[in-house]
Amino acid sequence: MTMAGAKAKLEAPNGVDEMAEKHPNRGPQDIGGRKAGPVDVVDHGMKFWERQANALRSTLSGKGIVKRDELRRAAEDLRDYSKLQYFEITTSALRTLMIEKGYMTEQELKAKMDEVRARFDVPDEMESPLKQKAAQP
Amino acid sequence: MSAAGGETGSAQSRPSTYTPAPGHRYEVGDAVRVKRRYPPGHRRTPHYIRGKVGTVERICGAFPNPEELAYGFDGEPKKVLYRVRFVQKEVWPRYRGPARDLIEMEIFEHWLEPAGDTGGRT
Amino acid sequence: MTDSRIDYYAAKKHAHDHGDHGDHDHSHDDHAPVAGEDEGPPSEFAIMSRAMQEILEAKGVITAEQVTRRMEQFEEDFPYRGSRVVARAWTDPEFRKRLLDDGKAACTEMGVDLEADRLIAVENTPEVHNMIVCTLCSCYPRALLGMPPTWYKSRSYRSRVVFEPRAVLKEFGTELPDNVTVRVHDSNADMRYVVIPMRPQGTEGWSEDRLADILTRDTLVGVTVPRVRT
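First, a word on scope: everything that follows refers to the structure included in this document.

What counts as what
Residues numbered from 1 in each chain as written. Chains lettered and ligands numbered in written order. Predicted model: local features only at pLDDT ≥ 70, side-chain atom pairs only at ≥ 80, totals over all residues. Heavy atoms only, no water. Contact = heavy atoms within 4.5 Å. Buried area = accessible area lost by both parts, 1.4 Å probe. Salt bridge = Lys/Arg side-chain N within 4 Å of Asp/Glu carboxyl O. Polar contact = N/O pair within 3.5 Å; in protein donor to acceptor, adjacent residues only side chain to side chain. Helix = DSSP H or I, 4+ residues; strand = E, 2+ residues; numbered from the N terminus. Nonpolar A, V, L, I, M, F, W, Y, C, P; charged D, E, K, R; others polar. Buried < 20%, exposed > 50% of the residue type's maximum accessible area, 1.4 Å probe, protein only. Core = buried A, V, L, I, M, F, W, Y, C linked by side-chain atoms within 4.5 Å. Pairing = 2+ DSSP bridges. Axes fitted to C-alpha atoms, helices over the stretch in contact; angles between N-to-C directions. Parallel < 35°, antiparallel > 145°, perpendicular 65-115°, else oblique. Left-handed = near helix turned anticlockwise from the far one by under 90°.

### Examining the interface of chain A and chain C
Size of an interface: often given as the accessible area lost when the parts come together. Residue-level contacts link 62 residues of chain A with 65 residues of chain C. Contact with chain C buries area across many residues of chain A, yet A:Asp43, A:Phe48 and A:Phe120 alone supply 12% of it, more than any other trio. At the boundary of chain A and chain C, one finds six salt bridges. The partner of A:Glu108 in a salt bridge is C:Lys59, with the nearest N and O atoms 2.9 Å apart. Here chain A is connected to chain C by 20 residue pairs in polar contact (both at pLDDT 80 or more). When residues of the side of chain A that touches chain C are traced back to their parent elements, those giving at least two are α3 (48-62), α4 (68-76), α5 (86-100) and α6 (106-119) of chain A. Of the residues that constitute the side of chain A that touches chain C, the class distribution is 30 nonpolar, 14 polar and 18 charged.

Next comes the structure, spelled out in structure tokens:
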């Protein structure tokens, strides 16, 4: 599908006013009325990490460390909003606020992520897939 | 249904959905238009409802402005929040359901103007 | 698959599964959530979330127990409240009136603490069917219903319910005649919503518990209506 074709798919089919529809200040979250496919009516539940991420968000929110409205704003400002899943958005927004509010620096977070990632032997994106394969018993 | 107002002080010691809204501009039943403005930043007024005319269904109360809270400010002074009822066919020109179908949402007072006004274009 | 080393995720998940009772009878039309399995290596976002949590714990901003406790509340407490509250409204007309008048106050009466949620209950009648959505994010009365289902958070639901509610209802197996008004609520600010469905025939004399059983989550969001099963 071409870029133009992909964009055309997002136009509302309902004849809404063009200015509202295409305004440059319309955020990626403001999707009421946008064309979309059928709803997947099955509830796929939450993975463990998502439940924990949600609880982390809720704990911080309950303590007033992050406000609900700040989380929403940080989410809406994510460059990749439209490509991310719900808890990926929540987590990314929380990251923005934690750094913004000085609870951690980008460097600290990166270092801790490297440490966490190492526990699972998850190869980083720099490591060649061929090398990983060769390392397997 | 308008449940805001009532006694001050004691009303808030008991949990309630609603808060007082002293000095509110619109009453239940008033015809209001959502301002047809498109400022940047965090807004809780969906684009699809801007410029549309509806009726005040209830007064929810006064709440800190989310547009300010979003950026770390305290959102004071509070803004009055209304539930506004719209007719679907008036929101979506090609709405396919029956004419009776409705859509309702919460709109802050500063996003509303009386429906009689011609309304600005910005 | 995670390997045999001490694995934070596997250990936590093990402990969690053993605490999980799952004794709530999800009705057929609720599409009981597929058990969320953490398969394979954690995603970058899982790692990010875990890392943030550990940094905050190390700095004394939060404790692991606080987060765990919150997880438990979302799993074991919140999801069961809505059915009980609405079942009470079905059996007690005065309570129903109070619930419609002020959702938060009525829940408080029943010992249900909605925390920050400001609840508005909307009632289905033979003339009106209510349906809830949040187009801008996924606002939902979490302290009354637990976490929203994946479909509620999906782009398709969020974008389409507001302009073609009947088509979306049909995808959930719900069809309404044209002489019934479909009333969509977009939860875009401070209020949260719950639907009081119509009580079906054949439930006369039922206990609140039995009524709560057919007041599934899906009926309280308004995508389906309660069904009496034999």
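### Quick word on α4(A)
Of all nine residues in α4(A), eight are buried; the element is thus mostly enclosed. Contact partners of the buried residues in α4(A): α3 and α5 of chain A, α1 (66-69) of chain B together with β4 (191-196) of chain C.

### A short note on the nonpolar core
Counting 79 residues, the largest nonpolar core has C:Leu99, C:Leu144 and C:Tyr157 as the members making the most contacts within it. With near-sequence residues (within four places) excluded, C:Tyr157 lies in contact with A:Val39, C:Met131, C:Ile132, C:Val133, C:Trp151, C:Tyr152, C:Val168, C:Phe172, C:Val221 and C:Val223. By size, the runner-up hydrophobic cluster in this structure holds 41 residues, among which are A:Val66, A:Ala75, C:Ile47 and C:Met71.

### What to know about the pairing of strand β3 (residues 79-87) of chain B
The two faces of the sheet receive side chains in turn, since in a regular strand these alternate between them. Residue and element names in this part refer to chain B. Sheet analysis places strand β2 (residues 53-63) next to β3, joined by seven bridges and oriented antiparallel. Considered in β3, the bridge of alanine 62 is made with valine 80. Strand direction decides the pairing type here: β3 and strand β4 (residues 102-108), joined by seven bridges, are antiparallel. Bridging from a neighbouring strand, phenylalanine 86 pairs with isoleucine 103 of β4.

### Some details on the interface of chain B and chain A
Chain B puts 21 residues into the contact, and the matching count from chain A is 19 residues. Summed over the shared surface of chain B and chain A, the number is zero salt bridges. Here the side of chain B that touches chain A is built from residues that sort into twelve nonpolar, five polar and four charged.

### Description of the packing of α3(A) against helix α2 (residues 44-58) of chain C
α2(C) packs onto α3(A) with a crossing angle of 40 degrees between their chain directions and a minimal axis gap of 10 Å. Relative to α2(C), α3(A) is oriented oblique. Our pair here, α3(A) against α2(C), has a crossing hand that is left-handed. Listed contacts from α2(C) to A:Trp49, A:Gln52, A:Ala53, A:Leu56 and A:Leu60 of α3(A) are C:Phe45, C:Ala46, C:Ser49, C:Arg50, C:Met52, C:Gln53 and C:Leu56. Grouping the constituent residues of the contact of α3(A) with α2(C) by class yields eight nonpolar, three polar and one charged.

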